[in-house]
Amino acid sequence: MGNAAILEMKGITKRFGKILANDNVNLRLYKGEIHALLGENGAGKSTLMNILLGIYKPNSGEIFFKGKKVSVKNPKDAAELGIGMVHQHFELIPTLSVAENIFLSMGSCNFILDKNKMEETIRDYSEKFGIPVDPGAKIWQLSVGEQQRVEIMKLLCRNCEIMILDEPSAVLTPQESRDMFKTLREMANAGKAVVFISHKMSEVMENSDRITVLKDGRVEDEMLSKDATIERLTKAVVG
């Protein structure tokens, strides 16, 4: 685990009208770590990550990437920095193949799809990270768990350094969930900074290295997962 954070969000505040969604939030992400953002619905977890992705603009606060202050105005800016997200609702085109969906997400100006090369790249990542994906399969033929793997593969093929997953286990069976967390661990071991949003305490304790608890838009507690107890997390989540 590196000492210097790859990414720091400092004093992030976001209002929607009278609602204070994020209140002076600080967050640090490290390469090689799985960071869990824990909290109840409406705690401000997704808002914070949407700010990091450039979907929302904060009212105040700063973002530092590799020590330099950056301005993330939109998801394209985030992608260029190497920040990507797997949303709860997948962004896939059902009638296209896995390889075609991944290629489209790469924003390359070269529209001639070298199918063999693309499929080879996907197979390489499949092996490296233990993500079974058939490049030639059509999205509509895949289970929800397999579709999620395609979304993760999209981030890998774009060489994302920071990978965010919004409630990734919500749509999965327990077995798919275990496989998915194994994949996240492989990605962290390869030096990625992985963040997942969750409201499940046991899941967070089992599958992360560091936990930040948000409550009413504020950071209520932050700890290494090895120091976490259900009591401490419950107190932070519900007060």
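Since the model is a prediction, treat every value here as computed from it, not as a measurement. (Residues numbered from 1 in each chain as written. Predicted model: local features only at pLDDT ≥ 70, side-chain atom pairs only at ≥ 80, totals over all residues. Heavy atoms only, no water.)

### Describing the packing of aromatic side chains
Move 1: For the coordinates displayed, the defined rule picks out 3 aromatic pairs.
Move 2: When the ring of Phe16 is compared with that of Tyr56, the centres are 5.1 Å apart and the planes differ by 75°; the resulting orientation is edge-to-face. Within this pair, whereas Phe16 is found in strand S1 (residues 7–16), its partner Tyr56 is found in the loop between helix H1 (45–52) and strand S4 (60–65), the two being separated by 40 residues in sequence.
Move 3: According to the relative accessible area criterion, Phe16 is partly exposed, its value standing at 33%.
Move 4: Each ring, one from Phe181 and one from Phe196, has its centre 5.0 Å from the other, and the planes form 65°; the classification is edge-to-face. Residue Phe181 is located in helix H6 (residues 174–189), and its partner Phe196 is located in strand S8 (residues 193–198); the two are separated by 15 residues in the primary sequence. There is no split in this pair, since Phe181 and Phe196 are both buried.
Move 5: Taking NZ or CZ as reference, Lys10 lies 4.7 Å from the ring centre of Phe64, over its face.
Move 6: Of note, Lys14 hangs over the ring of Phe16, and the distance from its end group to the ring centre comes to 5.1 Å. (Phe/Tyr/Trp six-rings, centres within 6.5 Å; stacked < 30°, edge-to-face > 60°. Helix = DSSP H or I, 4+ residues; strand = E, 2+ residues; numbered from the N terminus. Buried < 20%, exposed > 50% of the residue type's maximum accessible area, 1.4 Å probe, protein only. Lys NZ or Arg CZ within 6 Å of the ring centre and 35° of its normal.)

### Side note on the pattern of salt bridges
Move 1: For the structure shown, the criterion picks out 14 salt bridges.
Move 2: Two residues, Lys31 and Glu161, come together in a salt bridge whose shortest N-O distance is 3.4 Å. Here Lys31 is found in the loop between strand S2 (19–29) and strand S3 (34–38), whereas its partner Glu161 is found in the loop between helix H5 (144–157) and strand S7 (162–166), with 130 residues between them in sequence.
Move 3: For Glu161, a relative accessible area of 19% puts it in the buried group. (Salt bridge = Lys/Arg side-chain N within 4 Å of Asp/Glu carboxyl O.)

### Some remarks on the sheet that holds S7
Move 1: Pairing in this open sheet of 6 strands is mixed, and the strands run S6-S7-S8-S3-S9-S10 from one edge to the other. Edge positions in the open sheet fall to strand S6 (83–86) and strand S10 (218–224), since each of these has one partner strand only. Ignoring strand direction, the axes of neighbouring strands in this sheet form an average angle of 20°.
Move 2: Relative to S8, S3 runs parallel, the two being bridged by 5 bridges. (Pairing = 2+ DSSP bridges. Axes fitted to C-alpha atoms, helices over the stretch in contact; angles between N-to-C directions.)

### What about the sheet that holds S2?
Move 1: As summarised here, the arrangement of the 4 strands in space is S2-S1-S4-S5, forming an open sheet in which the pairing is antiparallel. Each edge of the open sheet carries a strand with a single partner, namely S2 and strand S5 (68–70). Pairs of neighbouring strands in the sheet enclose a mean axial angle of 30°, with direction left out of account.
Move 2: Most of the contacts of H1 go to S1, to which it runs at about 115°, and overall it touches S1, S2 and S4. (Contact = heavy atoms within 4.5 Å.)

### Notes on helix H4 (residues 115–129)
Move 1: Compared with the 21 Å implied by 1.5 Å per residue over 15 residues, the 21 Å span of H4 between its first and last C-alpha is a close match.
Move 2: Within H4 the residues assigned to the buried category are Met118, Glu119, Ile122, Tyr125, Ser126 and Phe129. Taken down its axis, H4 places every buried residue within 125° of arc, on the same side. Turned more than 90 degrees off the buried face of H4, the exposed positions are Asn116, Lys117, Asp124, Glu127 and Lys128.
Move 3: Those residues of H4 that are buried are in contact with helix H3 (98–105), H5 and H6.
Move 4: Taken from the residues just after H4, Gly130 is the one with a positive phi, measuring 65°. (Expected span 1.5 Å × (residues − 1). Arc of directions from axis to C-beta.)

These figures come from the coordinates and say nothing about function on their own.
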